Amino acid sequence: MTLSPLDDYPIHQAPEVMRHVTTSDRNFYDRYYFNAHPCSDELMLIIGIGQYPNLGVMDAFAVVRHGPVHKVVRASRELGADRMDTTVGPFRVEVIEGLKRLRVVLDENEHGLAFDMTWEGAIPATLEPPHYLRWQERVMFDSRRLAQTGRWTGTITIDGETVEATPDHWWGSRDRSWGIRPVGEPEPPGIQINNAGTFYWLYTPMQFEDHSILCIVQEDEKGRRVLEEATRVWPDRETEYLGRPEYLPVYAEGTRDVVSATLRFAPPGAAAFEVRATPILPVHLMVGTGYGLEPDWKHGMYQGPDIKVQGVAYDTRKPDDAARMWGLVDAVGRYEYLDGAQPTGVTTGYGLYEYWALGPHPSFPA
């Protein structure tokens, strides 16, 4: 058993050293997630940095969608004893002011993507409901997450072209999540082969000039709610509970690609209202980043004793590359209050529109 610098702080939650978590489940993870965009369909940058204590691995990725280009840089190393070390090769994250300001860096490298970006929260970091799901006797999800919308300052360099990010129109969202969910190489499925394989999901942290709405919808193959949340969060007043969110997507014909969607909210004791969501720049988050499509690079997968850094790039104008764009979508979303329902004069906002409609669900014909 090895000590680490964290053990000198009075923060222990169990009779273990801080580098060890209280469960031996191989799928325990602890991750940063960020996205950045200029409130338009020009560009979207997504960053993830995760630790997997029971796998002894730390990894990171950044994916940028810029026009037709989908470019990824990813890195992995052995976790080691010091979980306060947030560097992974050219990646690092620095907590400048907890729950408020962070700096995320990808140093210059041979793969054509680098950045130095500072995040400042526009609303208080908000704790979401617990995500707990047991399938065929196995606990598959048991995690917590904080969410926050905010603004960016810094630079992004793509193939030698540098973009200046300023907080007047470079917005985004971030989350910190930790707990259990499937990561890394697949395990023998056993009885899990009886699962329907449904992942019907919507996650929309939407930011307006003076407030944000945080919305989550997850349903199983019968249309039953697994997880839901809807709150309106202000920087300087009490958070509003918006009731049970209703999700009405419109799909492109013959696909499960969302063209637009209506989100309905019914706050207890207040008038119901609707927001129209339009994905304006899709990023296929699972392509190249480690979320599960590539057999040789998955989150938490051991890549050897040395730091490994890789880059992959695709051009969605090419049919073979476009065919790779599958799975969970993290899009820049435009959000519009309908019928004068906005609480202030601001009617249009931007944010993340994350969705996936995998497997059987009542929304689709059998």
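Okay, so let's go over this structure. (Residues numbered from 1 in each chain as written. Predicted model: local features only at pLDDT ≥ 70, side-chain atom pairs only at ≥ 80, totals over all residues. Heavy atoms only, no water.)

1. Considering the environment of Arg19
Next, step 1: When you line up the elements, Arg19 lands in the segment before β1 (28-37).
Next, step 2: The partly exposed category is assigned to Arg19, whose relative accessible area is 21%.
Next, step 3: Apart from residues no more than four positions distant in its own chain, Arg19 is found in contact with Thr2, Pro53, Gly80, Ala81 and Arg83. (Helix = DSSP H or I, 4+ residues; strand = E, 2+ residues; numbered from the N terminus. Buried < 20%, exposed > 50% of the residue type's maximum accessible area, 1.4 Å probe, protein only. Contact = heavy atoms within 4.5 Å.)

2. A few points about the pairing of strand β21 (residues 329-337)
Next, step 1: Where burial is concerned, most of β21 is hidden: seven out of the nine residues are buried.
Next, step 2: As paired strands, strand β19 (residues 273-284) and β21 are joined by nine bridges and run antiparallel to one another. Bridged to Thr278 within β21 is Arg334. (Pairing = 2+ DSSP bridges.)

3. Description of the side chain of Thr289
Next, step 1: Of note, Thr289 is situated in the loop between β19 and β20 (308-315).
Next, step 2: Other than its neighbours up to four places away in sequence, Thr289 contacts Phe61, Val63, Val72, Glu294, Trp297 and His299.

4. With respect to unusual backbone geometry
Next, step 1: Despite not being glycine, Gln136 shows a phi value in the positive range, around 45°.
Next, step 2: Position of Gln136 relative to the elements: it lies in the loop between β9 (131-135) and β10 (138-158).
Next, step 3: Residue Gln136 is classed as partly exposed on the basis of its relative accessible area of 30%.

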